[in-house]
Amino acid sequence: MTNYEAAWLFLELADRVEVAGDNPFKAVAYRKAARLLEGLGEPFAEAWAAGRLRDRPGIGEAIHAKIGELVQTGTISALERLRREIPPGVMDMLTLPGVGPRHARNFWKVLGLEDLTALQEAAEQGRLRTVKGLGPKLELAVLRAIAQRDAAPGRQLLGLALPLARDLRESLARQPAVERVEIAGSIRRRAELVGDVDLVVASEAPEEVSDFFVRMPSFREVTAQGPTRVAVVHQGGLPVDLRLVEPAVFAAAWLHLTGSKEHNVRLRQRAKERGWQLNDYGLTGSGFSLPEEEDLYRALGLPFIPPELREDRGEIEAAEKGELPALVEESDLRGDLHVHSEWSDGTASLRELREAAARLGYEYLAVCDHSRSLAVARGLDAERLRAQRREIEALNAEGHPVYLLAGVEVDILGDGRLDLEDEVLAEMDLVVASLHSGFRQEPERLLARAAAALRHPHVDILAHPTGRLLGHRPPYALDVPALIELAVETGTILEVNATPDRLDLCDLHVRRFVSAGGLVAVNTDAHSTEHLVFREYGVATARRGWCRARQVLNTRSLPDLLAFLAREKGRRFSSA
Ligand code: DGT
Ligand code: CA
Ligand code: CA
Ligand code: ZN
């Protein structure tokens, strides 16, 4: 058993202990032990036998004994007991985003729910909120997560699949038999929904790698296992496809498995025109040595094409002419222009948000809590907004590297008016407007509401313009091309909301908007400090929309941003 496998068992033990309602400190201790085992640097069994695990920080007597059990019997009796005690359907609940071990315990122990179907039913009947500590918010999260699975059967949010793919890649990368491992497929192209995880491994000892892989505890099923391919199904239901190749053909295999299929077809045509054949083993007949993807593209007369563009949407033609855009990168962002604090429905204080922004190296953060009509979110009225501004000004007086802008996310009301008086909006550093109601309205009415906001002199940004929730709610019946045209005309920024189930605007709309001269803002709409890293998905969407750094407002420095906002709306894009 490898250190990794041992670590996984301790992580599983931690989850199960929490679900069973055992002493919570135990779970913390098991997770700590798992981290230690992972980073040990020598086989854990040897370290244990030589007594080198004794008295390590985090390894108490009880954990030391459990590691001994693992060494001697290959398992931990406490874990085996919990595996028998907890119904498998309860552990399935942990695969829903937003559901942790403590929730699962409550569902099981308090409400008697033993699988996802029962959980869904209880959430629909509003029974989850009857348990102390569980609220309507969790009910919604559960329903949304379950609906997501159903609405896009077999397809998963990038925001869930990418972290999983990275975990698997990391585990494989630390195997001595693995020379190189990379993520391929739609995840590498950063598609918003993906069908599976594709991994490519270069190895001289593929059996060793596949043996290791199928024994990883994160899978519920092995569907294929051969010398070049292993297919498994992750606990959460997502299939994982592992290809094993000779190190010499790694680049060709990686290119092939990254896709898209349509992009590959075009590349093959080019190879054929040159009298070669492109396949997952390389460029047959060309005589080139092609250690990297870049070399393959060069042999075909093209510069490297970023994976996000490989959809046969004109990238080959642009590459030929040397006109590929230099795509915006995460490191280009200097701030986030739409975050929520505990003043409305966020969980973090302004100070905590500012610290989290500093950790990302940001220069600014626009606090945009909800306006009053959004009562479920404890929206702010003019008076509370002014109180919040005083707190923001006091914080800014501290000379911290992150400057806070006093913004607001103002609701666009049913008739197109905004939820705050013009004079209040005029006081704000930044106004983000959004539609939160009227999902079933007629297209004309919706467009009229959005248009009123775009034409409003104080509305700087339209947030999550189409209102879609991936796998859960379709976009509003909104005429997006018309909206885009009006946004360009009025100088209104359109948001690329980076929340993994929004990604709104989507890639194609981003492309249309920026090529028409519009500017976007990549915002996380964070409701807690952890959400700020969602920017990765927003940047990915912008990149898939062929977006350059200068087409994203929040890549600008603070002085440039303030100068931009100081200009009259109508002049913003032209002088941008
Ligand atoms: P997905 O999994 O549905 O989100 O989308 P992909 O693009 O990851 O598709 P997948 O997993 O079936 O295959 C991974 C890549 O392998 C795909 O993007 C391109 C390549 N590939 C698979 N099948 C074919 C094929 O029949 N022809 C060509 N040219 N390439 C293929
Ligand atoms: Ca795939
Ligand atoms: Ca696949
Ligand atoms: Zn928001």
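Quick note: structure is the one above.
In this convention, every chain numbers its residues from 1, walking through the sequence in written order. A letter from A marks each chain and a number from 1 marks each ligand, given out in the order of writing. In view of the model being predicted, local features appear only for residues whose pLDDT reaches at least 70, and side-chain atom pairs are presented and counted only at 80 or more, with totals across whole chains, interfaces and linings using the full set of residues. Side-chain descriptors were evaluated using all non-hydrogen atoms of the structure, hydrogens and water having been removed beforehand.

1. Digging into the overall build of the chain
Assigned secondary structure in the chain consists of 24 helices and 16 strands. At 26 Å, the chain has a C-alpha radius of gyration in line with the 25 Å of a compact globule built from 576 residues. Referenced to the eigenvectors of the C-alpha coordinate spread, the extents of the chain come out at roughly 75 × 70 × 45 Å. Throughout, a residue-residue contact means that at least one pair of heavy atoms, one from each residue, lies within 4.5 Å. For the chain, the proportion of contacts with a sequence separation of at least 24, taken over those separated by at least 6, is 68%. For the chain, the accessible surface area stands at approximately 24900 Å², while carbon and sulfur atoms represent 49% of it. Charge assignment in this entry is limited to Lys and Arg as positive and Asp and Glu as negative, and neither His nor the chain termini are counted. Charge coordinates come from a single atom per side chain, which is NZ of Lys, CZ of Arg, CG of Asp or CD of Glu. The average position of the 73 basic charges and that of the 87 acidic charges among the side chains of the chain differ by 1 Å. Helix numbering and strand numbering both begin at the N terminus, where a helix is a DSSP run of H or I of at least 4 residues and a strand a DSSP run of E of at least 2. Put simply, the radius of gyration uses C-alpha atoms, and a globule should come to 2.2 Å times the residue count raised to 0.38. For accessible areas, the Shrake-Rupley method is used with a probe of radius 1.4 Å. Any residue's cover is judged against the shown protein chains and nothing else.

2. Regarding the sheet that holds strand 6 (residues 229–234)
Pairing between strands is defined by DSSP: at least two bridges between them are needed. Taken in spatial order, the five strands of this open sheet run 2-4-7-6-5, and their pairing is mixed. Edge positions in the sheet fall to strand 2 (180–184) and strand 5 (219–225), since each has one partner strand and no second. Strand-to-strand twist in this sheet, taken as the mean axis angle between neighbours without regard to direction, amounts to 20°. Bridge count for strand 2 against strand 4 (residues 197–202) is five bridges, and the pairing is antiparallel. The partner of Arg180 across the bridge, within strand 4, is Ala202. To get an axis, fit a line to the C-alpha atoms, keeping to the stretch in contact for a helix; angles then go from 0 to 180 degrees between the N-to-C directions.

3. Thoughts on the coordination of the calcium ion (ligand 2)
Protein coordination at the calcium ion (ligand 2): the donors are Asp196 (OD) and Asp198 (OD), at 2.0 to 2.1 Å from the metal. Keep in mind that water is not among the atoms, so a site may look incomplete; donors are the N, O and S atoms within 2.8 Å of the metal, or 3.2 Å for Na, K and Ca. A separation of 3.6 Å is found between the calcium ion (ligand 2) and the calcium ion (ligand 3), which are bridged by Asp196.

4. Here's the deal with the environment of Leu290
For Leu290, the position within the fold is in the loop between strand 9 (282–284) and helix 15 (293–299). Residue classification places Leu290 among the buried positions, given a relative accessible area of 15%. Burial classification: accessible surface area is computed with a 1.4 Å probe over protein chains only, and a residue below 20% of its type maximum counts as buried, one above 50% as exposed, and the rest as partly exposed.

5. Observations concerning the packing of aromatic side chains
Only Phe, Tyr and Trp rings are paired, with Trp represented by its six-membered ring, and only when their centres lie within 6.5 Å; those with planes under 30 degrees apart are stacked, over 60 edge-to-face, the remainder tilted. Scanning the model with the defined rule gives eight aromatic pairs in all. Measuring from ring centre to ring centre gives 5.7 Å for Trp276 and Phe288, while their planes differ by 85°; the resulting arrangement is edge-to-face. Of the two residues, Trp276 is situated in the loop between helix 14 (261–273) and strand 8 (277–279) and Phe288 in the loop between strand 9 and helix 15; the sequence distance between them amounts to twelve residues. For Trp276, a relative accessible area of 18% puts it in the buried group. Owing to a relative accessible area of 46%, Phe288 belongs among the partly exposed residues under this scheme. Should the NZ of a Lys or the CZ of an Arg lie within 6 Å of a ring centre and within 35 degrees of the ring normal, that charge is described as sitting over the ring. The lysine or arginine in question, Arg188, covers the ring of Trp254, its NZ or CZ lying 3.7 Å from the ring centre.

6. Quick word on the coordination of the zinc ion (ligand 4)
Coordination of the zinc ion (ligand 4) by the protein involves His338 (NE2), His340 (NE2), Glu409 (OE) and Asp525 (OD), with metal-donor separations of 2.1 Å. Relative to the metal, the four donor atoms surrounding the zinc ion (ligand 4) lie at angles of 82 to 166°, and the coordination shape comes out irregular. Taken in sequence order, the residues that donate to the zinc ion (ligand 4) follow the motif H-x1-H-x68-E-x115-D. Taken as a pair, His338 in strand 10 (residues 335–339) and Glu409 in strand 12 (residues 403–411) lie far apart in primary sequence, 71 residues in all. In this pair, the class of His338 matches that of Glu409, namely buried. Sites are called tetrahedral only when four donors show all angles between 85 and 135 degrees, square planar or octahedral only when four or six donors show opposite pairs over 155 degrees and all other angles between 65 and 115, and irregular in any remaining case.

7. Topic: unusual backbone geometry
With an omega of -5°, the peptide bond between Gly259 and Ser260 qualifies as cis. Tracing the chain through its elements places Ser260 in the loop between helix 13 (250–258) and helix 14. Residue Leu505 is reached from Asp504 by a cis peptide bond, and omega for that bond is 0°. Of note in this structure, Arg190 is not a glycine but carries a positive phi near 60°. With respect to the helices and strands, the residue Arg190 is situated in the loop between helix 11 (185–188) and strand 3 (193–194). Even without being glycine, Leu503 reaches a positive phi, approximately 40°. Topologically, Leu503 is positioned in the loop between strand 15 (493–497) and helix 22 (507–515).

8. Structural notes on helix 14
In a helix, the anticipated span is given by 1.5 Å times the number of residues less one. Over its 13 residues, helix 14 runs 19 Å from end to end, which matches the ideal 18 Å to within 8%, given 1.5 Å per residue. Of all the residues in helix 14, the buried ones are His263, Asn264, Leu267, Arg270 and Ala271. Here the buried residues of helix 14 occupy an arc of 120° about the axis, which is enough to place them on one side. Turned more than 90 degrees away from the buried face of helix 14, the exposed residues are Lys261, Lys272 and Glu273. Those residues of helix 14 that are buried lie in contact with helix 13, strand 8, strand 9, helix 15 and helix 16 (315–320). Relevant arc is that of directions from the helix axis to the C-beta atoms, nothing else.

9. Digging into the site of ligand 1
Ser186, Arg189, Gly195, Asp196 and Asp198 are the nearest of the 16 residues found near ligand 1. For the purposes of these results, a polar contact is taken to be a pair of N or O atoms within 3.5 Å, where, inside protein, one atom must be able to donate a hydrogen and its partner to accept one; residues adjacent in sequence count only when each atom of the pair is a side-chain atom. Between ligand 1 and the protein, one listed contact pairs an oxygen atom with a backbone N or O atom of Gly195 at 2.8 Å. Within the contact set of ligand 1, an oxygen atom lies 3.0 Å away from a side-chain nitrogen or oxygen of Asp198. Calculation on ligand 1 without its partners gives an accessible area of 600 Å², and the protein chains cover 68% of this total. For the shell around ligand 1, the secondary-structure elements that each account for two or more residues are helix 11, helix 13 and helix 14. Of the residues contributing to the shell around ligand 1, the split by class is two nonpolar, eight polar and six charged. Segmentation of the chain into domains, including their bounds, is taken from an automatic or database domain assignment. Mapping the shell around ligand 1 onto the domain boundaries places at least three of its residues in each of domain 2 (154–245) and domain 3 (258–324). When we say a residue is near a molecule or strand, we mean one of its heavy atoms is within 4 Å of it. Nonpolar residues are Ala, Val, Leu, Ile, Met, Phe, Trp, Tyr, Cys and Pro. Charged residues are Asp, Glu, Lys and Arg, and all others, Gly as well, are polar.

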